[in-house]
Each structure stands twice: as C-alpha cells, then as structure tokens.
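Residues per chain are reported as follows:
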Amino acid sequence: MKRLFRLTGRRGDVERDVADEIRFHLEMRTRELVAGGMSEVDARVAAAEAFGDVDGIGERCRDVRSAREGDRARRDRLHGVWQDIAFSWRTLRTHPGFALSAILTLALGIGATTAVFTVLNGVLLRPLPYPNHARLVSVWTTAIIGGSAQRELPFSAPNFVDLRGRAVPAPLEDAAAFKSWTYVLGETGEPELLPAARVTGGFFRTLGVRPIAGRAITDDDVRPGAAKIAVIGHALWQRRFGGDATIIGREVALNGERFTVVGVMPPGFQFPRGAELPSGLQFPPRTDLWTPLDFSAEDLRQRGRFHLAVIGLLRSDVSAERVQRELGATLRTIGDDNGLAAVSLGAQVIPMQDQSTAGIRAAVLLLFGAVALVLLIACANVANLLLAQTAGRQRELAIRTAIGAGRGRLVRQLITENVMLALIGGAVGVALAVLGKAWLLTLAPSSFPRLDDVAIDGTVLASALATAIVAGMAFGVVVAVHATRGDASSVLRSGNRSSASVGRARFRQGLVVVEVAVSLVLLSGATALARSFTRVQEVPPGFDANGVITARLLVPSSPTRSFAEQGPAWAAVFEAYLDRVRIIPGVDAASAISSLPLSGAWESTSFTIEGRPAPKPGERVEAQYAVASSGYFEAMRIPLLEGRGFAATDRSESPSVIAISRAMAERNWPGESAIGKRIRIFSDTPTTIVGVVGDVRQTSLIAPVQPMMYFPLAQLGYPGMTIVARGANDPLALVPALRRELRAVNPQLPLDEIRTLAAVVDASLAQRRFGMLLLGFFAASALALVVIGLYGVVAYGVAQRTHEIGVRSALGASRCDVFRLIVGEGARVTAIGVAVGLVGAVAMSRVLQHLLYGVSALDPTALGAMTLLLAAIALAATGIPARRAMRVEPVEALRGE
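Keep in mind that what you see is a predicted model, and the values were worked out from it rather than measured.

Basis of the calculations
Residues numbered from 1 in each chain as written. Predicted model: local features only at pLDDT ≥ 70, side-chain atom pairs only at ≥ 80, totals over all residues. Heavy atoms only, no water. Helix = DSSP H or I, 4+ residues; strand = E, 2+ residues; numbered from the N terminus. Buried < 20%, exposed > 50% of the residue type's maximum accessible area, 1.4 Å probe, protein only. Contact = heavy atoms within 4.5 Å. Areas by Shrake-Rupley, 256 points an atom, 1.4 Å probe, with all protein chains shown as cover. Core = buried A, V, L, I, M, F, W, Y, C linked by side-chain atoms within 4.5 Å. Axes fitted to C-alpha atoms, helices over the stretch in contact; angles between N-to-C directions. Parallel < 35°, antiparallel > 145°, perpendicular 65-115°, else oblique. Left-handed = near helix turned anticlockwise from the far one by under 90°. pLDDT = per-residue confidence, 0-100. Salt bridge = Lys/Arg side-chain N within 4 Å of Asp/Glu carboxyl O. Phe/Tyr/Trp six-rings, centres within 6.5 Å; stacked < 30°, edge-to-face > 60°. Lys NZ or Arg CZ within 6 Å of the ring centre and 35° of its normal. Expected span 1.5 Å × (residues − 1). Patch = residues over 30% accessible without salt bridge, like charges linked within 9 Å, V, L, I, M, F, W, Y side chains within 5 Å. Pairing = 2+ DSSP bridges.

Right, let's talk about the overall build of the protein for a bit. Tallying secondary structure elements over the protein gives 25 helices and 22 strands in all. The buried share among the 897 residues of the protein stands at 48%. If you take every contact in the protein between residues at least 6 apart in sequence, the share linking residues at least 24 apart comes to 80%. With the model as given, the accessible surface of the protein reaches about 40,600 Å², and the carbon-plus-sulfur share is 58%.

One recurring pattern in soluble globular proteins is that nonpolar side chains are buried together. Core analysis: the largest hydrophobic core is formed by 86 residues, its most contacted members being Phe-543, Tyr-632 and Tyr-710. Among the elements that take part in this core, helix 15 (residues 502-537) stands out by supplying 13 residues, more than any other. Those residues in contact with Tyr-632 that sit more than four places away from it in its chain are Ser-591, Ala-592, Ile-593, Pro-597, Ile-638, Tyr-710 and Val-724.

Viewed as axis vectors pointing N to C, helix 16 (residues 563-581) and helix 19 (residues 735-745) meet at an angle of 135°, and their least axial separation amounts to 9 Å. Taken together, helix 16 and helix 19 sit at an angle that is classed as oblique. In this structure, helix 16 crosses over helix 19, and the sense of that crossing is right-handed. Across from Val-573, Ala-576, Tyr-577, Arg-580 and Val-581 in helix 16, the residues of helix 19 making contact are Leu-738, Glu-741, Leu-742, Ala-744 and Val-745.

Another point: the confidence of the model for the protein. Per-residue confidence for the protein gives a mean pLDDT of 80; residues scoring 70 or more make up 81%. Mean pLDDT across the elements of the protein ranges from a minimum in helix 14 (residues 488-493), with 50, to a maximum in strand 6 (residues 229-232), with 95. This model gives residues 496-500 a pLDDT under 50, and the stretch forms 9 contacts once residues within four places in sequence are excluded.

Once that is clear, we can look at the pattern of salt bridges. Enumeration according to the criterion identifies 28 salt bridges in this entry. In this structure, Asp-544 and Arg-637 form a salt bridge, with 2.9 Å as the shortest nitrogen-oxygen distance. With a gap of 93 residues between them, Asp-544 in the loop between helix 15 and strand 12 (548-554) and Arg-637 in the loop between helix 17 (632-636) and strand 16 (640-643) connect regions that are remote in the sequence. Salt bridges here are not isolated pairs; linked through shared partners, they connect Glu-192, Arg-239, Arg-240, Arg-286 and Asp-288.

On to the packing of aromatic side chains. Under the counting rule described, the total for this entry stands at 19 aromatic pairs. A centroid spacing of 6.2 Å and a plane angle of 40° characterise the contact between Tyr-632 and Tyr-710, whose relative ring orientation is tilted. You can see Tyr-632 sitting in helix 17 and its partner Tyr-710 sitting in strand 20 (residues 708-712), a full 78 residues away along the chain. Judged by relative accessible area, Tyr-632 falls into the buried class, the value being 1%. With a relative accessible area of 2%, Tyr-710 lands in the buried category. Three or more aromatic residues link up through ring pairs in this structure, and these residues are Tyr-130, Phe-178, Phe-203, Phe-204, Phe-269, Phe-271 and Trp-290. Sitting over the face of the ring of Trp-181, Arg-198 holds its NZ or CZ atom 5.1 Å from the ring centroid.

All right, on to the environment of Thr-867 then. Take Thr-867: it is sitting in helix 24 (residues 860-886). Sequence separation between Thr-867 and Leu-523 is 344 residues; the distance between their C-alpha atoms is 9.3 Å. Ignoring sequence-local partners within four residues, the contact set of Thr-867 consists of Leu-520, Val-834 and Leu-838.

Along the chain, the position of Gly-567 falls in helix 16. For Gly-567, a relative accessible area of 4% translates into the label buried.

This part takes up unusual backbone geometry. That bond from Phe-271 to Pro-272 is cis: its omega, 5°, falls within 30 degrees of zero. Turning to its location among the elements, Pro-272 is positioned in the loop between strand 8 (257-264) and strand 9 (289-292). Unusually for a residue other than glycine, Arg-637 sits at a positive phi of about 60°. Positive phi, close to 55°, is recorded for Glu-753, a residue that is not glycine. With respect to the helices, strands and loops of the structure, Glu-753 is situated in strand 22 (residues 751-756).

The next thing to look at is the environment of Phe-155. In this fold, Phe-155 is placed in the loop between strand 2 (148-153) and helix 5 (157-167). Note: C-alpha distance between Phe-155 and Ala-177 (22 residues apart in sequence) is 8.4 Å. Sequence-distant contacts of Phe-155, defined by excluding residues within four places in its chain, comprise Val-139, Trp-140, Thr-141, Phe-160, Leu-163, Arg-305, Phe-306, His-307, Leu-308, Val-310 and Leu-331.

So, on to helix 8 (residues 320-337). Its 18 residues place the ends of helix 8 25 Å apart at the C-alpha level, agreeing with the 26 Å of an ideal helix rising 1.5 Å per residue. When helix 8 is considered as a whole, its buried residues turn out to be Ala-320, Val-323, Leu-327, Gly-328, Thr-330, Leu-331, Ile-334 and Gly-335. Positive backbone phi, at 75°, marks Gly-339, one or two positions downstream of helix 8.

A cluster of nonpolar side chains, Leu-108, Val-428, Leu-432 and Leu-435, forms an exposed patch at the surface whose accessible area comes to about 350 Å². When residues in the nonpolar patch are grouped by element, the largest group, 3 residues, is from helix 12 (residues 407-443). Secondary-structure assignment places Val-428 in helix 12. Take Val-428: its relative accessible area is 31%, and that puts it in the partly exposed class.

Our focus in this paragraph is the pairing of strand 4 (residues 192-199). Of all the 8 residues making up strand 4, 8 are buried; the element is thus mostly covered by neighbouring parts of the structure. In this sheet, strand 4 lies alongside strand 3 (residues 172-185) in antiparallel orientation, the contact comprising 8 bridges. Paired with Tyr-183 across the strands is Leu-194, a residue of strand 4. For strand 4 and strand 9, the ladder comprises 4 bridges, and the chain directions are parallel. Along strand 9, the bridge assignment pairs Ala-196 with Leu-289.

When you tally the buried positions in strand 13 (residues 587-593), you get 6 out of 7 residues, the bulk of the element. Alignment of strand 13 against strand 21 (residues 720-727), held across 6 bridges, turns out to be antiparallel. Along strand 21, the bridge assignment pairs Ala-589 with Arg-726.

This part is about the side chain of Thr-200. Tracing the backbone shows Thr-200 in the loop between strand 4 and helix 6 (203-207). Residue Thr-200 is classed as buried on the basis of its relative accessible area, which comes to 7%. Setting aside anything within four residues of it in sequence, one finds Thr-200 in contact with Phe-160, Ala-176, Ala-177, Val-222, Leu-293 and Phe-295.

With that out of the way, let us pick up helix 16. Its 19 residues give helix 16 an end-to-end C-alpha distance of 25 Å, which sits within 8% of 27 Å, the value for a rise of 1.5 Å per residue. Among the residues making up helix 16, those that are buried are Gln-566, Gly-567, Trp-570, Ala-571, Phe-574, Glu-575, Tyr-577, Leu-578 and Val-581. Against the buried residues of helix 16 lie strand 12, strand 13, strand 21, helix 19 and strand 22.

At a closest axis distance of 10 Å, the pairing of helix 5 and helix 8 adopts a crossing angle of 130°. As the angle between them shows, helix 5 and helix 8 are arranged oblique. Where helix 5 crosses over helix 8, the handedness of that crossing is right-handed. Residue-level contacts link Asn-159, Asp-162, Leu-163, Arg-166 and Ala-167 of helix 5 to Leu-327, Thr-330, Leu-331, Thr-333, Ile-334 and Asp-337 of helix 8.

Structure follows, in structure tokens:
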C-alpha cells in the first residue's frame, strides 16, 4: 500500500490513479493464486475476499490522496507567494529611487486621507458614548411665530411637564429637560467658574450613564423642599479634589450656598456641550457639574418662555418619525388647551447622533471628498510611475515568458509587487496620519463637536489597510494587463529599444488628464472659499474690536430667588468693579454686557408697543436683548445715532429706559423717530426708548442683522456679565490690573474667558478658516502632484522616443521643432484635463454654494485665473523634458541601429 501514497499526478487524476492501483494489487494476487493451482475464477474471488471491501478501501485511499494533494497544492501556493514577495523586495531594492518616489507619493495620499477619515470617523460615524445612543433623540418645539415657522425651539417649563406626563411611557420610554447654568466654586484655592447644567430627574437615566461613585440625580431630588445636591464631573473631581474617594457626602460651596456631592460621573462624560446643541441655548464647551432642575410655581406659569433643552429615549419598537407625529399631536393639544392654538405648537424629533453634528456634517464630508480626490491624484501618479518602470522591464518579462512562465504567474508577481509597495506606502501614511491628526485638531475651532472622540483606532487602521490593498490591487491589475499584453518574441527581437505601444502612452496621458481635472476642481473650490472668507472678514461687525480686552465675571445667584430680588445686589458688584477698572492707567473706557457680540451668546424676547393693538397669538414681535452698564456704547465704539446712552441717573428707582438698534427702530417706527416711544417687555410697566445706536452683528458676521434692545444694568440686574475695557496700548497688559481690582472688590469672584475682542471676532470665523485652509492645502498638494505627474509623463515619453527624435533631427527637424512637438503634446494633455476639470468645477459649485458668502462658486474670473495657473505650471513641467529633447544628437540616437 505504500506505493499508493507515492503516486504522483494532478489532483484531477486521483480517481483514476486509485482505481489503477487497486486493480494492480488484485491482478498480482490473482496471478499468485493461479500459479498455486487455483482456477482463474476462484483465484479472482479469493483475491477480492482477501483484499477486503474494495469500494471502502478505494474511498479511503481517495480521501487520503485528495488531502495530500490539497496540502501539497497549498504548500506550493504559499511557497510561490513567498517567492513573489522575496522577488518583489529584491526588485524594490534594485530600484530605490523609483520605490522611494512611489512610497512617498502613496504615503502622502493615504496619510492625508487617513487623517481626515480619523476626524470623519470620530465626529460623524462613531456612536455617541452613551449606552442608549441608538435610541436617544433631541426633542424640540415648533411653532408659528410672527407669521413664520420656527423650528428647533426649546421647551417652556409647563409645556415640558405636560408633555412628559402624557408622552412617557407612551411614545417615549423616558425624557428629561436641562438648561445651562454657571456656579462659582468657593472651596479652598482660587475661585473658579464651573460650567454646569441643571437637569431633571430622568437626565442620567435617559442617557443610560451611571456615576462611578455615589448616585445620580433622581426624581425625588427635584421635588420642592429637596436638599441641595450636586453631581460632579470626573475632571473636576481630579482637578479640585485630588480624586478624593471621600468626596461623596461632602458639602461644597457653590454660588455661596452649600451643596452635598452625591455622585461622580465617569471620565469623558461632559454632556451637555455647546458644540453639540443649537447656539441659541448658550451651552458651554463642556459641563463639569450637574444640579437638580426644579420648577417653581412662577416657572410653570411662563408657557411662552422657551429655555429648556429636552432629550428623549425612544422605545425599542418605535421610530423617530412616529414619535415626532405623536409628540406633535400631543403638543398641539397642550397648546389648544392653554390658549395657544394660533401658534400651532408641534414637535421636531432629531436623533442625537445627527443633532450633535448638524452644523459641521457638510463641511466634514466636503473635506473628506477633497482629500479623496488628492488620493486619486496620488494613485494616478503612482500608476504612471509603475507603468514607466514596468515598460523598462519588458525584456525581463519576455525572457521569463520564453522560458516557461505563464501569464498567470507573471500577473501574480506584478500584483504582489504592487500590493507590497502600497502596503509600505500605507504604513508610512499611517505614521503621517498621526502627525496630520494632531495638526487637524490644532486647526479645528473649539466649537467643533466631539473632538475628544477623534482617535486613530481599529476602524481607522482597517480603512488605511483596505485603502492600501485596494490601491495595490488596482495598480497591479493595470500594470499586469499592460505588461503581459503583446508578443514576447517581438520584444526580444527589438533589443534594447522600447516597444511601448501608442495605446499604453495614451493610457498614461489619460491618467494625467484625470490629475489635471481633479486639481482644477480643488483649486476652484479652494479659491471660492478663500474669496468667501475674505468677504466675510470685510463685513463690519458694528463695533471696533481693536484694543479691547474682555473677561467673563459671574456674581453668585440663587435659582430659588427671582432676578428682581437679586438684581440690585448684582448691579452693585459690577458697578463697584467697573468704577475701579475705569481708573486703571491705560484704560480709556470700561463697561459690561450680558451677551458679548460674536461670542455665541444671545437672548431674545417679545414686546408690545404702547398705543398699538396687542398682537394676535402667533404674531408677537420679538427682538434680541442684552443688559449693558453705562458707557458700553462708548467702550465698544458703537455709534449713537439718536438720543442718548445710559446715564448715572438711570437707576432702579428711576423710570425704565432702553436703547435700541437702528434695525429695531426702522422695523417698528419706519419714517419716524423712535425716541420717546414706549414698549412693554417683561411686565406691564412701560419702558421708554431714550437712544438709537448702530446695528451690531450679534450672532455671526454673515447672519442678518437682528433688531436689538439694550437694558441698563442698574435697572435690570444680571448675574453674568462680560467686562470690556479699552486700552490705549496692548490690551492683554491690563489683565493683572483687572485681577487686582477684582480682588479688592470681592476676592471670591473669579475672572474667566479672558481674551481680546479681536480674538472673539477671530474665533467666530474659525470654522470657515478651518475649511478654507484645509481645502487650500489639499488643492496645493494636488497641484504639486500634477506637476510631478506631468513632468514624469513627458520625461518618460522623451526617453522612449529618443530614436524617433534622432530620426526627425537627421531628416532636418530643427531644435525648435522638437521643442514645439514635446511642449505641444503636454499642452494638449493639459487642455483636455482643463476641459474635464471645468465640468467638474460646475458640479463642485453646487456643493459649495451654500458654504459661500458674497461670492459665486462659478466666478469666471477665478476660474480663468486657475486655468492660467495650471497652464503656466504645465508649461514649466513640460519645458524641462522638452529642452532635454532639443539636445538629442542624431548620431547618438541612431547608434544602436
């Protein structure tokens, strides 16, 4: 039987080989029995009985043989692959210049793509860090106000209480409301402003997040008369309390009151964060502290005060669309029951994953698309390099074919070489992506959501690996098709002269056409964004930001006492501090404002005009408002157009006065003076307009100017104000004096968010600058790759056509003729690429238009300039090889013939 396992042959011959072997053994035994005197018939029967189960033995033999053949085939394949890898490594080492060029080009493309995908994955694709992330939604109110539809409106306290009572557990498994708050931590050490949130009992339960120590806020904590408690964040616990395990149960001083710490949240939990919520809610970039949100009887009467954000947890068997319909119907019923039928209350339900990235989704996808185009150009460049390098190896491949290598074997070898090259480039690209990610995070504005979730993880590495493998396979297939096509004998007969076909040359030129077209698309997009950014910078903000320092100051307040009760005390602290700031050497003017322009903070309210009919429900008149101390318009250099600013006589016991903006005066009193007109805002007491000032861009430089009202601080106290001090010299030099004077007024009050007003304006442009810089960088990278690609194609073409150029020169062609020939071919490729790129630029304009301000994405002047730039660069890239072609001597070129 040993011979049975030494059989050789193809896997398809196993059946026949086993049958022949069994037949051989039976014949030999039959002959032995016949030779011993047995008849041939009996001998055959005896031989078969002695052999045993022929079919069973044959089946077992076939199984063993098939397994052996399979093992040998796998070993042969692995050995072949290892040979291909070893040969590929020797090939790369033999051509280090080519290998280095291809690896660096791929590394740049894959590295840039991986870095941007890291941001895309962390910001858009990665689930929110909450156990219930898939079912979490943001719930907003919709209404008809002033005749226009309003969406993503916060909730009022009574509307939330009514909705929660009817919607949980009907369409929602749970729901919670929360609002931004700020506390002054008065423990040992420097006082610190803590960004906080007041939340209802179901807040942590809805998110599905539990404290790592202690407990969360429950429904019992928001009942009237409940003890004052707080849950602190992990970062605050480590920073101010040293991670003390005995923090649970300890009392801390917040806004001058004692709160008991009952829980510590896990690391990284900072919700709510302003970058993930509409800017009108004024949430800070992070939250360090959570306290219970209880509703007073006065809160539950203010149905028209929209100030609460609401999150909900969907039941597992319902969709967000169904919940939106059901909640909308519930809110309409609530509105009808409370005299708000005219405003047509409704609901808008948005998955929290979408809510957190709504403002930047288009920009991130645009940047990823741009970097993908850069990767496409890099791949086209590498493909050209590979085709050029493989063309030089045609004789080697022809020899291998002549000595027996099949086409499949050559294709596998070339694919292996290219995949190895791509994997090395991908590995270098990942290293570059680590640096690129850090650079991107440095450029990204602080308002960019979920930056903490941006990390190079397994998903990112898998995408980089997949990109490298796909690119390598694509290169390998393209190169293999071109390299193995044609007759090996003709290549061997041609000697050292290239046998590159016209088809191959056109394919390589086609790759350059793609590069030029993509580059023009990116250049046109980057130019449009740059011009748009310039236009935004030219928009006057309505104030002079030069030479102004700003700092946030919060006076402790109690949520259980009204603003009217605490207002005089707040105003007294700010006025005392400002009196000291104004006499600091170098300070020209100082004041305070509740909502600093372009800082992301703003508030609005409705009002009625005395002497006019009260507006119908749904037609109320609204305006933004801010509380300002005396001298604010002078400190900000906001022009006074009519009347006066705030004076020392505007006290709490004096008649109520306000100043309004030009937009509010023109909207409500067109063609007449607004001075002396009276309106009613927060109460039935009329307020007299004493001044009209210039319009200020409150929310952003490109948002339409909104009507604005300014209340004097002495008449409407406010706990949190931004100090603005104008200095003759460097405003940052005033910071030590500002801190010193505050300690003299109240050493327990901290100054926070200290920055120049110019920095505030600059920060409002950060997101636009981020997109412009990145797209510009990618466009410049694409342009550099185009230069390399065009130069490589032309230079290789000159090298391949040395014999042809020599013949032309020998027949009388001048050097100028040769120069025109080479440059003309490069210009033709560039012209085709530009034509294709213009079509792409038209498509890009539709994507970009909503991101632009004051410019058109299809500006003929800008497109013309980019086309001329590409033409000039193409001329430079083809000029060097063309000059080399001019120096070809006919004798040297023809010597090989």
